[in-house]
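This is what each chain is made of:
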Amino acid sequence: MAWVRVAHCAIVWTFGWRALYRQVVRSSFATVPFYRERWALHGRTDPVMVAGKGERDGAVPAEELAGRLPDLVPLAGGSATPDPLRGLEIVLHQCARISPDTLIIGAAPEYHPRVVAFESTPDEPRGHVLAVGTPGQLAGVGQDIPRVPLVTFAERGSEGLLVDDLLGVLGGVRDCGNWHVDWPRVYARETPLGLAFTLLLQRSPRLVDIVPAGASGRIARCPQHRTPVIAA
Ligand SMILES: [Zn+2]
């Protein structure tokens, strides 16, 4: 019956996603200095996750992480360097038509075979071409070249991929016109500070419940793809 199927999908995308999030929160509270200190001070307790519990619902404004990156490394060790293009490979393929023959100008997934930098773009590129970059970078690219802008929350319009220096590529606009979250790799939830994001698969630096500047909106479900989207 239709309603059974719909309910089942809702459970899959919220339940498994949230379970993974809780696991990351629990492990971060136990093993990552920044969260141990912060959540202990603010009264968030293991395994946490009661809405309204702890200061600002446990969310961390991204600007408060300035100078604290070494404290986001788990006690067992790991990298303290964020990847501003984390997730690009998957999200770009979801949001744009790309084949191995596509010439990508600008930001490309690590293993894409045909890439050129903005400054060495040929005058008349041949074949299928796609420019991927910030609005500033794309301003210098010929008007007839298809493009995917990399935008921050402040720059968010109706197209492109949503990026953050710390969190990487958080999602993008798919063919349905909605801003899809990089599900299930990125968890997103509403907090009093705005939307908070957690990288579920990145061990280090550990990024949990981080709110980028201007991250407004709410989390809804795309009626077409049935996965989480950021609604206005
Ligand atoms: Zn969709």
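Quantities reported herein were computed from a predicted structural model and do not represent experimental measurements. (Residues numbered from 1 in each chain as written. Predicted model: local features only at pLDDT ≥ 70, side-chain atom pairs only at ≥ 80, totals over all residues. Heavy atoms only, no water.)

J.: Is there a simple way to think about the coordination of the zinc ion in this case?
T.: Six octahedral donors around a metal ideally make angles of 90 or 180 degrees; four tetrahedral donors ideally make 109.5 degrees. Donor atoms from the polypeptide that coordinate the zinc ion comprise Cys176 (SG), His180 (NE2), Cys222 (SG) and His225 (ND1), at 2.1 to 2.2 Å from the metal. Each of the four donor atoms bound to the zinc ion contributes to angles spanning 100 to 115 degrees, and the resulting shape is tetrahedral. Site description for the zinc ion: donor spacing in sequence, C-x3-H-x41-C-x2-H. Separated by 45 residues along the polypeptide, His180 in strand β8 (residues 179–181) and His225 in the loop between β12 (218–221) and β13 (228–231) bring together distant segments of the chain. (Donors = N, O, S within 2.8 Å, 3.2 Å for Na, K, Ca; no water. Tetrahedral: all angles 85-135°; square planar, octahedral: opposite > 155°, others 65-115°. Helix = DSSP H or I, 4+ residues; strand = E, 2+ residues; numbered from the N terminus.)

J.: Please clarify how the environment of Val181 should be interpreted in this entry.
T.: By the secondary structure assignment, Val181 is in strand β8. The exposure class of Val181 is buried, given its relative accessible area of 3%. Put simply, Val181 and Phe197 are 16 residues apart on the chain and 9.7 Å apart in space, counted from C-alpha to C-alpha. Non-local contacts of Val181, meaning those with residues more than four positions away in its chain, are made with Trp17, Leu170, Gly171, Val186, Ala188, Ile219, Pro228, Val229 and Ile230. (Buried < 20%, exposed > 50% of the residue type's maximum accessible area, 1.4 Å probe, protein only. Contact = heavy atoms within 4.5 Å.)

J.: How do you make sense of the side chain of His180 when you look at a structure like this?
T.: The class of His180 is buried, set by a relative accessible area of 3%. In this structure the side chain of His180 is engaged in a polar contact, spanning 3.2 Å, whose partner is the side chain of Thr227. (Polar contact = N/O pair within 3.5 Å; in protein donor to acceptor, adjacent residues only side chain to side chain.)

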